[in-house]
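Results of the structural survey
Read off the chains here:
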Amino acid sequence: MTAMFFVSCDQNSADDEVQGSTLSAQATLNSQAKLASNALTEELCVSVSDSAVVNKVTAGSSGNYCFWGQTTKSIGAVSVQFEGMYGSGIRPLTPGWYIGVVDPSYACEDGWDTIASEIAVKNDTISDYVGNAPTCTPVIVPQNVVGAIGSVGTYDFKLGYYTYASTAFNITKKIVIWKDPSATSATAITDPVNATEAYLVEVTNIVPTFTSSPFYGTVSYTYTKIK
């Protein structure tokens, strides 16, 4: 299931580009009524495809997580933010929802009980999955977000779903987002086994675009309700 994607441009020269102005991140916000309606009509194991576009909003290195904007999308009943380098960071925004990763061999048909027991939970400090980045603002915190695995430049992200080296994205994990029946804090450590609702997310492509200003990244993905 591993996918390798190559950037055709020279990364170093792209990083040195200076943009003329700071642009707001593109965001699509859905009302709570629409989210609730979507949740009611969803069926288990029905795959949905979508993509998110995130602009680089600050001049400087494209590898700097904090130089990128944010775009909000809906994955079923949960509002999710795409952020960071090329939009590859994925964070649940709806309170009570949590994120982790699982081996890419798992599919909806394996059943929630099987998948839940194998999830690496991002907030699990016992397993040291949180890392020390990103810390751009009080809002952009290391907890409850997945992106790169390990270090990219001076950033150490720990648990994620892809590795990044120079001009290559190597996607090695699927993402799981679940709703906890009682926790609400974004920093809470929850057990997926207790979830009341969950989605399996597979990022299929991460495409940086440097041909025009602003630079932007497109993240293509599919998601499936698995509980």
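For clarity, every value in this text was computed on a predicted model and none was experimentally measured. (Residues numbered from 1 in each chain as written. Predicted model: local features only at pLDDT ≥ 70, side-chain atom pairs only at ≥ 80, totals over all residues. Heavy atoms only, no water.)

Things to note about the sheet that holds strand β14 (residues 216-225)
Condition: Pairs of strands are assigned from DSSP output, requiring at least two bridges between the strands. Every helix listed is a DSSP run of H or I at least four residues long, and every strand listed is a run of E at least two residues long, numbered separately from the N terminus.
Spatial ordering of the open sheet is given by β2-β14-β13-β12-β6-β7, a layout of six strands whose pairing is antiparallel. Because the sheet does not close on itself, it has two edges, and the strands there are β2 (47-55) and β7 (120-121). Bridge analysis of strand β13 (residues 197-209) against β14 gives ten bridges, and the strand direction is antiparallel. Along β14, the bridge assignment pairs Asn 205 with Ser 220.

Considerations on the nonpolar core
The criterion, for reference: Put simply, buried Ala, Val, Leu, Ile, Met, Phe, Trp, Tyr and Cys residues joined by side-chain atoms within 4.5 Å make one nonpolar core. A 1.4 Å probe rolled over the protein chains alone gives each residue an accessible area, and that area as a share of the maximum for its type sets the label: buried under 20%, exposed over 50%, partly exposed in between. Should any heavy atoms of two residues lie within 4.5 Å, those residues are considered in contact.
Ile 75, Ile 90, Tyr 161, Tyr 162, Ile 175, Ile 177 and Val 203 are the most contacted members of the largest nonpolar core, which totals 42 residues. Mapped by element, the contributors of at least two residues to this core are β2, β4 (78-83), β6 (97-102), β10 (162-165), β11 (168-171), β12 (174-179), β13 and β14. Excluding residues that lie within four positions of it along the chain, Tyr 162 makes contacts with Met 85, Ser 88, Gly 147, Ala 148, Ile 149, Phe 169, Asn 170, Ile 171, Thr 172 and Ile 206. If you look at the next biggest cluster of nonpolar residues, it comprises 16 residues, including Tyr 106, Ile 115, Val 121 and Ala 195.

Description of the sheet that holds β4
Pairing between sheet strands relies on hydrogen bonds along the backbone, with the strands arranged either parallel or antiparallel. So the rule is basically this: Here an axis means a line fitted to C-alpha atoms, over the contact stretch when the element is a helix, while the angle between two N-to-C directions is reported on a 0 to 180 degree scale.
Ordered in space as β3-β4-β5, the three strands form an open sheet in which the pairing is antiparallel. Looking at strand neighbours, the two that pair on one side only are β3 (70-75) and β5 (89-92), the edges of this open sheet. Averaged over all pairs of adjacent strands, the angle between their axes in this sheet comes to 30°, without regard to strand direction. Where β4 and β5 come together, four bridges link them in antiparallel fashion. Paired with Gln 81 across the two strands is Arg 91, which belongs to β5.

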